[in-house]
Amino acid sequence: MTQVTERGTPLPAAPRAAAGRRRSPAAAACVLGGAVAAGLGLGFLAVLVIVLWISSPYPDSGPGGALHLAAGLWLLAHGTELVRYDTLSGVPAPVGMIPLLLVALPALLMRRAARLGSASGDGGDGDEVLPASAVFSAVTCGYLSVGSLATVYAAAGPMPADPLSAAWHVPLVAVLAAAGGVWAAKGRPVGPLPHWVPGAVRRAAARPRYPLALRAGAAGALVLLGGGALLVGASLAWHAAEVQASFLALTGVWSGRFAVLLLSLALLPNAMVWGAAYSLGPGFALGAGATATPLGFAGSPALPRFPLLAALPPEGPGTLLTCATTGVPLLAGLAVGWFAVRRAREVSYKETALTAALGALVCALLLAGLAAASSGPLGSRGLASFGPVWWAVGGAAFAWTLLPAVPVAVAVHSWRNRPARQADALAPDADDEWHDSGVRELRWEALRRAAGALVPDLPQDPPRARAQAPAPAEPVPAPAEPVPAEAEPVPAAASKPPRRLTVVTGIHLDLTPAPVPPPTAPTAPTAPTAQAETTPRPLVAPVAGARVLPRRKPQD
């Protein structure tokens, strides 16, 4: 027993096992949270589809078909391509255009599940906090398990999902949303890159130009999207009659019109991206051989009736009004240049121009990604290509924003540093006037002469004594003598001991010299001179605001 207590036992293994047992419920809760997030998205769409199916006077299928359609819509919200088999031609028609507003539903639910999983353990009462990687993995596994079941279930419906498309679209949305939720739960930390990243990349990413470039690129993309939304709204208002006629002609029952309205709202972000692509120049495709650009509407597309499609510009060459839409990317370039300037004087013009160029590149990448997400096929043959071309939109965005961003950034940088540079240029002249002309010495001498005995000079050794002992340790106090009025200015090189002055706040400052009381200790008699007996006049008039008292000799 003594050997066991002295040499120790493998008892710490039991707490580790207990910690593992305590950690498993938290990990299971995270897995359950991911599954619940996927189930909530499926349930929301299922309820919506069931309500529309019940209210429809002519349902095409039973409740099973409605639930299969809801599962297909949930997969479509992740970017999965659906396939429609019941076509007039008998050829399967892919449906790959994603309503971007619908993507927000699974993304927000997954992000919320990741945040709740990260905040579940607080470390109290033996509860161990899960690391961020464990929360991320557990929530993602729970979500993907439900996603795989939904893919299998939707395969028996009227619009099954493409398995290959679902195999990478659903995990992509889940991973991005879970990573954002865990990062937000940890306080949005922005630290150095991991150690497995090359050192050159980590050092480059630590420079302040990259956060500025991200901010400038995001600002440019927001300006482009805002301009696109403005163009869509103006076009809908301009073609209000056609839009209303298209909306009423699709269906005559309120449930169908409500479904069309919901679909139009879900496609509004797509329309914003299309408007931004239209203002950039490449425009968007409306099927095979049909393209809408500011220079004109080429081709004759076979478009279905839909309210948003009724607001397209008319066919034919462009007008001055359509060409005026190119002012939107110019405003985006100005925004990129404005936000690319850092408020620091040590930043060079080259650094500012490079930051603006990187901001234009970030804006181009964002627009290219949004263009790729907002486009897709709506069928086969004539509707196989629908929406903007991502690489053309990205190239146009980079060119349009780069041209005005760089000169604007350089001009703003020069303007912000202009007052500081003028002050730096005037500083040497001001120093020369102050020091070289002797103004400071003359003013100090005039102040000393005006103060008179109020600021007495400390006794100085004769020249011979100073030559013998250049640095005395303790100066011997001596009576102060009044300064003659005709005394010459003291050279700047002569060093004097510091003077002590007592200032007391009052109501009057009298610079008239007061007589100094004679010292108590006997001193060697000196021959009085005429100049010493004369009392100097004050050089300045009395000033109100303070009162200066003469220094008193401490009592023995």
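In short, a report on the structure. (Residues numbered from 1 in each chain as written. Predicted model: local features only at pLDDT ≥ 70, side-chain atom pairs only at ≥ 80, totals over all residues. Heavy atoms only, no water.)

Bringing the sheet that holds strand S3 (residues 284–286) into the picture now. The strand order across the open sheet built from five strands is S6-S5-S4-S3-S7, with neighbouring strands paired in antiparallel fashion. Each of the sheet's edge strands pairs with one partner strand only, and the pair in question is strand S6 (316–317) and strand S7 (386–387). Of the pairings in the sheet, the one linking strand S4 (residues 291–293) to strand S5 (residues 296–298) comprises three bridges and is antiparallel in character. Bridge assignment links Thr-291 to a residue of S5, and that residue is Ala-298. Most of the contacts of helix H11 (residues 268–280) go to S3, to which it runs at about 115 degrees, and overall it touches S3, S4 and S7. (Pairing = 2+ DSSP bridges. Helix = DSSP H or I, 4+ residues; strand = E, 2+ residues; numbered from the N terminus. Contact = heavy atoms within 4.5 Å. Axes fitted to C-alpha atoms, helices over the stretch in contact; angles between N-to-C directions.)

Let's shift gears to the nonpolar core. As a rule of thumb, soluble globular proteins bury nonpolar side chains together. Counting residues in hydrophobic clusters, the biggest one holds 33 residues, and the most contacted among them are Trp-74, Met-110 and Tyr-143. Looking at this core, the elements with two or more residues in it are helix H2 (13–55), helix H3 (63–76), helix H4 (100–118), helix H5 (132–154) and helix H6 (163–185). Broken down by element, this core gets its largest block of residues, seven residues, from H5. Excluding anything up to four places from it in sequence, Met-110 contacts Ala-37, Val-139, Thr-140, Tyr-143, Ala-174, Ala-177 and Ala-178. Within the second largest apolar cluster, 15 residues are counted, among which are Phe-284, Ala-290, Ala-292 and Leu-312. (Core = buried A, V, L, I, M, F, W, Y, C linked by side-chain atoms within 4.5 Å. Buried < 20%, exposed > 50% of the residue type's maximum accessible area, 1.4 Å probe, protein only.)

Attention now moves to H11. Look at H11: 19 Å from first C-alpha to last across 13 residues, which is about the 18 Å you get at 1.5 Å a residue. Most of H11 is tucked away: ten of the 13 residues are buried. Turning to H11, its buried residues are Asn-270, Ala-271, Val-273, Trp-274, Gly-275, Ala-276, Ala-277, Tyr-278, Ser-279 and Leu-280. One or two steps after H11, the chain reaches Gly-281, where phi turns positive at roughly 120 degrees. (Expected span 1.5 Å × (residues − 1).)

Below, the discussion takes up the packing of aromatic side chains. Going through the model one piece at a time under the given rule, you end up with four aromatic pairs. Between Trp-274 and Phe-386 the ring centres are 5.8 Å apart and the planes differ by 55 degrees, which places this aromatic pair in the tilted class. With Trp-274 in helix H11 and Phe-386 in strand S7, the pair connects residues that are 112 residues apart, well separated along the chain. Note on accessibility: Trp-274 and Phe-386 belong to one class, buried. Taken together, a centroid distance of 6.2 Å and an interplanar angle of 40 degrees make the contact between Tyr-278 and Phe-284 tilted. Exposure remark for Tyr-278: the relative accessible area of 10% places this residue in the buried category. Note on Phe-284: relative accessible area 6%, which makes it buried. If you follow Arg-416 out to its NZ or CZ, it ends over the ring of Trp-338, 4.9 Å from the centre. (Phe/Tyr/Trp six-rings, centres within 6.5 Å; stacked < 30°, edge-to-face > 60°. Lys NZ or Arg CZ within 6 Å of the ring centre and 35° of its normal.)

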